[in-house]
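Read off the chains here:
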Amino acid sequence: LLSKAFKNQFVIPEFAHFTKQIRGIYNHCKNIDTGKVASYIPQLARYDPKLFAVSICTVDGQRFSLGDVEMPFTMQSSSKPFTYAVCLNQLGRDIVHNYVGQEPSGRMFNELTLDNNNKPHNPLLNSGAIMSAAILLYLVNPEMKMSEKFDFVSDYIKRIAGGEFLSFNNSVFLSERETADRNYALTYYMNENKCFPKGFNLQDCLDFYFQTCSMEVNCDSMAVMGATLANGGVCPITNEEVLKPESVRDVLSLMHSCGMYNYSGQFAFNVGLPSKSGVSGSLVLVVPNVMGIGLWSPPLDSLGNTVRGVQFAKEFVKLFNFHRF
Ligand code: DON
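Position numbers for residues start from 1 in each chain and track the written sequence from start to end. Per-residue local features are limited, in this predicted model, to residues with pLDDT of at least 70; the limit for side-chain atom pairs, both in listing and counting, is 80 or more; totals at the level of whole chains, interfaces and linings are taken over all residues.

Of regular secondary structure, the protein chain possesses 14 helices and eight strands. In this setup the radius of gyration rests on C-alpha atoms only. A globule is expected at 2.2 Å times the number of residues raised to 0.38. The C-alpha atoms of the protein chain give a radius of gyration of 19 Å, which matches the 20 Å a tight globule of 325 residues would have. Taking the principal axes of its C-alpha atoms as reference, the protein chain extends roughly 55 × 40 × 35 Å. Per-residue burial for the protein chain yields a buried fraction of 49% across its 325 residues. By the convention adopted here, residues are in contact when the distance between their C-beta atoms, placed from the backbone, does not exceed 7 Å. If you take every contact in the protein chain between residues at least 6 apart in sequence, the share linking residues at least 24 apart comes to 69%. In DSSP terms, a helix is any run of H or I states spanning at least four residues, a strand is any run of E spanning at least two, and both are numbered starting from the N terminus. Counting other C-beta atoms within 10 Å of its own, a residue is labelled buried from 20 upward, exposed at 12 or fewer, and partly exposed in the gap between, with every C-beta atom placed from the backbone.

Below, the structure written as structure tokens:
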């Protein structure tokens, strides 16, 4: 970091000026008061709708944070690109995509539907993420017990986050499991269609999916996770190559086309950056080769995306022209 600073070789050379502009967007988005905090489990419903955090980590490790950046929240669906990344990194895309497709479904994230090949449409939907859980349990180091597999995957995700905050929220996990009729239905449906790898156990697989949704991060650690993706799999904080560049490319491709539920097409059109949102109000946004951005604010729009996070992303690309095209 220091030698780059002396040579003025940072990817964002005028960082102080940049952060001033980010603060402007943040203050603007903070005033928005639309959206509804998820209420399907009490642990999510309790969050104050005013909470709003933005955190930035560049590929050369410059950091900037605003708002409630240290408050923990569960990753929910923003864990999906990362469990998929671990699958790819361990097994390669050919094996992984025997079980899951690459198409946006055009349907709700939890709809009972499979693609023309009888696979989940993509790994960022519930069905596809339940498949990632199955792949991790039954194809990646299958000799490991559930407890060891949990450690293995959370350690991977923690390294993607540069060793920064990653925890587990047991009450969210228990509540998710109690409120999961649709996920059970999806899993039975996929099992009926012979989607799963050999060794599949329905309860173990769903538990593992709920556990990955219940992993806790904060906005700062989520920004580092995004930055590791922006940096081709090398964590900018630790310099460890956690993910192979080819795994990262596949993850970013699908985040670009499928990361924002039924808003993915419009987000790709208007913002033009790979991203993934979750029902906790999280949004990880990646500017490839430049930075990862963590956004967190619990109120959601009707499609399930964080209202302030989406608005921030729109104003951000308007100001800096980071749209990929
Ligand atoms: O699987 C579920 O229903 C919850 N854990 C929701 C996760 C989420 O963020 C919405 N999904 N795509």
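Back to the write-up after that little detour.
Residues are counted as near a molecule or strand when the C-beta atom, derived from backbone positions, lies within 6 Å of that molecule or strand. Near the ligand you find Gln76, Ser77, Phe109, Asn110, Asn126, Glu176, Asn183, Cys213, Gly278 and Val279, and these make up its full shell. Throughout, the ten residues Ala, Val, Leu, Ile, Met, Phe, Trp, Tyr, Cys and Pro are labelled nonpolar, Asp, Glu, Lys and Arg are labelled charged, and all others, Gly among them, are labelled polar. Split into classes, the residues belonging to the shell around the ligand amount to three nonpolar, six polar and one charged.

A few words on the sheet that holds strand β2 (residues 63-67). Spatially, β2-β1-β8-β7-β6 is the arrangement adopted by the five strands of the open sheet, whose pairing is antiparallel. Both edges of this open sheet fall to β2 and β6 (275-277), since each of them pairs with a single strand only. The average undirected angle you get between the axes of adjacent strands in this sheet is 10 degrees. Strand pairing follows a simple DSSP-based rule, namely that at least 2 bridges must link the two strands. Helix axes are fitted to C-alpha atoms over the stretch in contact, other axes to C-alpha atoms as well, and angles between N-to-C directions run from 0 to 180 degrees.

For the rest of this paragraph, the subject is the pairing of strand β8 (residues 291-296). The element β8 is extensively covered by neighbouring structure, given that six of its six residues are classed as buried. Along β8, one buried face is formed by Met291, Ile293 and Leu295 and the opposite face, lined by Gly292, Gly294 and Trp296, is buried too. Pairing geometry for strand β1 (residues 53-58) and β8, over six bridges, is antiparallel. Directly across from Ile56, in β8, lies its bridge partner Ile293. The sheet contact formed by strand β7 (residues 282-287) and β8 spans six bridges and is antiparallel. What sits directly across from Val284, in β8, is Gly294.

It is worth spelling out the pairing of β1 at this point. On any regular strand, side chains alternate: one points to one face of the sheet, the next to the other face. Of all six residues in β1, six are buried, a share of seventy percent or more. Alternating positions in β1 separate into two faces, Ala53, Ser55 and Cys57 on one and Val54, Ile56 and Thr58 on the other, with burial throughout. Strand direction decides the pairing type here: β1 and β2, joined by five bridges, are antiparallel. Bridged to Ser55 within β2 is Ser65. In textbook terms, the turn of a hairpin is the stretch between consecutive antiparallel strands, and for β1 and β2 this stretch comprises four residues, one of which, Gly61, has a positive phi near 85 degrees.

Here we take up helix α12 (residues 245-258). Under the 1.5 Å per step criterion, the end-to-end length of α12 is 20 Å for 14 residues, consistent within 8% with the ideal 20 Å. Of the positions making up α12, those classed as buried are Ser247, Val248, Asp250, Val251, Leu252, Leu254, Met255, His256 and Cys258. A helix is expected to span 1.5 Å for every residue after the first.

Glancing now at the packing of helix α9 (residues 181-192) against helix α10 (residues 202-213). Their axes nearest at 11 Å, the elements α9 and α10 cross at an angle of 130 degrees. Taken together, the axes of α9 and α10 lie oblique to each other. Between α9 and α10 lies a crossing whose hand is right-handed. For the pair α9 and α10, the contacting residues are Asn183, Tyr184, Thr187 and Asn191 in the first and Leu202, Cys205 and Leu206 in the second. Across the contact of α9 with α10, the residue classes tally to four nonpolar, three polar and no charged. Working rule for angles: under 35 degrees goes down as roughly parallel, over 145 as roughly antiparallel, 65 to 115 as roughly perpendicular, anything else as oblique. In this scheme the crossing of two helices becomes right-handed for a clockwise turn of the near helix relative to the far one and left-handed for an anticlockwise turn of less than a right angle.

Inspection of the secondary structure assignment puts Val86 in helix α4 (residues 80-91). Val86 sits 67 residues away from Val153 along the chain, and the two C-alpha atoms are 7.4 Å apart. Not counting the four nearest positions on each side in its chain, Val86 is found in contact with Leu136, Val153 and Tyr156.

Where α4 meets helix α7 (residues 146-160), the closest approach of the two axes is 10 Å, and the angle between their N-to-C directions is 105 degrees. Considering their axes alone, α4 and α7 lie roughly perpendicular with respect to each other. Contact residues: α4 offers Phe82, Thr83 and Val86, while α7 offers Val153, Tyr156, Ile157 and Ile160.

Within the secondary structure, Asn31 is located in the loop between α2 (15-30) and α3 (42-45). Spatially, the C-alpha atom of Asn31 lies 25 Å from that of Ser221, the residues being 190 residues apart in sequence.

Another aspect to go through is the confidence of the model for the protein chain. As a per-residue measure, pLDDT reflects the predictor's confidence and takes values from 0 up to 100. Taken over all residues, the pLDDT of the protein chain has a mean of 97, while the share at 70 or more is 99%. Both confidence scores are given for the complex: pTM 0.97, ipTM 0.92.

End to end, α9 covers 16 Å across twelve residues, agreeing with the expected 16 Å (1.5 Å per residue, within 8%). Buried within α9 we find Asn183, Leu186, Thr187 and Met190. Looking straight down α9, one finds its buried side chains confined to an arc of 95 degrees; they lie on one side. In α9, those exposed residues whose orientation departs by more than 90 degrees from the buried face are Asp181, Ala185, Tyr188 and Glu192. Read the arc as the range of directions from the helix axis to the C-beta atoms.

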